[in-house]
Amino acid sequence: MEKTAILEMKGITKKFGNVLANDHLDLRLYEGEIHALLGENGSGKSTLMNILLGIYKPNFGEIFFKGEKVSIKSPKSAAALGIGMVHQHFALIPPLSVAENIFLSMDHCSFLLNTQKMDDQIREYSRKFALPVDASAKIWQLSVGEQQRVEIMKLLCRNCEVLVLDEPTAVLTPQEANEMFKTLRRMANDGKSVIFISHKMNEVMEHADRITVLKNGKVADEMLAAEATIDRLTKAVVGDRNM
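Figured I'd write up the structure that's included with this text.

Rules behind the numbers
Residues numbered from 1 in each chain as written. Predicted model: local features only at pLDDT ≥ 70, side-chain atom pairs only at ≥ 80, totals over all residues. Heavy atoms only, no water. Helix = DSSP H or I, 4+ residues; strand = E, 2+ residues; numbered from the N terminus. Rg over C-alpha atoms; globule rule 2.2 N^0.38 Å. Buried < 20%, exposed > 50% of the residue type's maximum accessible area, 1.4 Å probe, protein only. Contact = heavy atoms within 4.5 Å. Areas by Shrake-Rupley, 256 points an atom, 1.4 Å probe, with all protein chains shown as cover. Lys, Arg positive; Asp, Glu negative; His and termini not counted. Charge placed at Lys NZ, Arg CZ, Asp CG, Glu CD. 1 Å grid on protein atoms, 1.4 Å probe; cavity = no way out; pocket = protein on both sides within 12 Å on 5 of 7 lines; lining within 4 Å. Points joined across faces, edges and corners; volume = space filled by probe spheres on them. Nonpolar A, V, L, I, M, F, W, Y, C, P; charged D, E, K, R; others polar. Expected span 1.5 Å × (residues − 1). Arc of directions from axis to C-beta. Phe/Tyr/Trp six-rings, centres within 6.5 Å; stacked < 30°, edge-to-face > 60°. Lys NZ or Arg CZ within 6 Å of the ring centre and 35° of its normal.

1. Some details on the overall build of the chain
Helices and strands together make up the secondary structure of the chain, namely eight helices and 10 strands. A globule of 243 residues ought to have a C-alpha radius of gyration of about 18 Å, and the chain, at 18 Å, matches this closely. In terms of overall dimensions, the chain has a C-alpha envelope of 55 × 40 × 35 Å along the principal axes. For the chain, with 243 residues in total, the buried portion stands at 50%. Within the chain, residue pairs in contact and separated by at least 24 positions form 66% of the contacts whose partners lie at least 6 positions apart. Accessible surface computed for the chain: about 12300 Å², of which carbon and sulfur atoms make up 50%. For the chain, the distance from the average site of its 30 positive side-chain charges to the average site of its 31 negative ones is 4 Å.

Structure follows, in structure tokens:
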């Protein structure tokens, strides 16, 4: 049975002055899918995702979420729909604990943290997605890989259904990257949908279900990861440039 498209971005166009960052881009994300957005720096990947998160407003184009046209005006409105993003630079408060950081990221928190309830929720997601996180640890005590897990946990605790990760392996060791992709696969198997931005061809071939290649703000190619080859991806990424 064909999977349902949970998200569709149609004809997305974004200009910064005379620079056309996104040129009538289309992107479709299916339920339970890991989708890689591949391209060189300046290809339009981050701009497209910042539009999805409401950080940028497109000049043209439409976004559909669960079949309904939506207007995403801010990260808060994206979060209300169930869309969240882990940026390359984490938004964590070092002196506070993991639980406190997660609690403060939630839309409907009071100033009183129910420590037991938060610990239980973190423990549940840690077990379900093999995402080891110590709720009581201070952020400053954690490795970069552990801090990334906290950022992912923040999205899970906000019940995000679409998770976007911007170059998630850039700050990780190979072992940490492998564990992170195992976590993302568990999330996809649980019905969540994942987009990860990357410029690493072997990485997207190994871990994605589908790949969209951007070049100069346009879709250069789109394919199932099972059909991808280094040659095909290279041609899409670099175009007619001499290799």
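2. Concerning the layout of surface pockets
Estimates place the volume of the largest pocket at around 320 Å³. Looking at the largest pocket, it is lined by 21 residues, and the ones nearest its centre are M85, H87, A91, K154 and R158. Counting residues per element, the ones that place at least two in the lining of the largest pocket are helix 2 (75-81), strand 6 (83-86), helix 3 (98-105) and helix 5 (144-157). Classifying every residue of the lining of the largest pocket by side-chain character gives 11 nonpolar, five polar and five charged.

3. Let's talk about helix 6 (residues 174-189)
Here helix 6 spans 23 Å end to end across 16 residues, near enough to the 22 Å set by a 1.5 Å rise per residue. Considered for burial, the residues of helix 6 that qualify are A177, M180, F181, T183, L184, M187 and A188. On an axial view of helix 6, the arc spanned by its buried residues comes to 155°, and they lie on one face. Looking at helix 6, the residues exposed on the side facing more than 90 degrees away from the buried face are Q175 and N189. In this structure, the buried side of helix 6 is in contact with strand 3 (34-38), helix 4 (115-129), helix 5, strand 7 (162-166), strand 8 (193-198) and helix 7 (201-207). One or two steps after helix 6, the chain reaches G191, where phi turns positive at roughly 105°.

4. Focus on the packing of aromatic side chains
As enumerated under the stated definition, the model contains three aromatic pairs in all. Plain terms: the ring middles of Y125 and F129 are 6.1 Å apart, the flat faces sit at 15° to each other, and that makes the pair stacked. Taken as a pair, Y125 and F129 lie in helix 4 at a separation of four residues, close to a single helical turn. Each of the two residues, Y125 as well as F129, counts as buried. Note that K10 overlies the ring of F64, its terminal NZ or CZ placed 4.8 Å from the centroid.

5. Things to note about empty space enclosed by the protein
Empty space among the atoms becomes apparent when a probe as large as a water molecule is rolled across them. In total, this model carries one cavity of 30 Å³ or more according to the counting rule given. Its boundaries defined by the atoms lining it, the largest cavity holds a volume of some 50 Å³. In this structure, the largest cavity is lined by V86, H87, Q88, F90, Q148, L165, D166, E167, P168, A170 and V171. Tallied by class, residues from the lining of the largest cavity come to six nonpolar, three polar and two charged.

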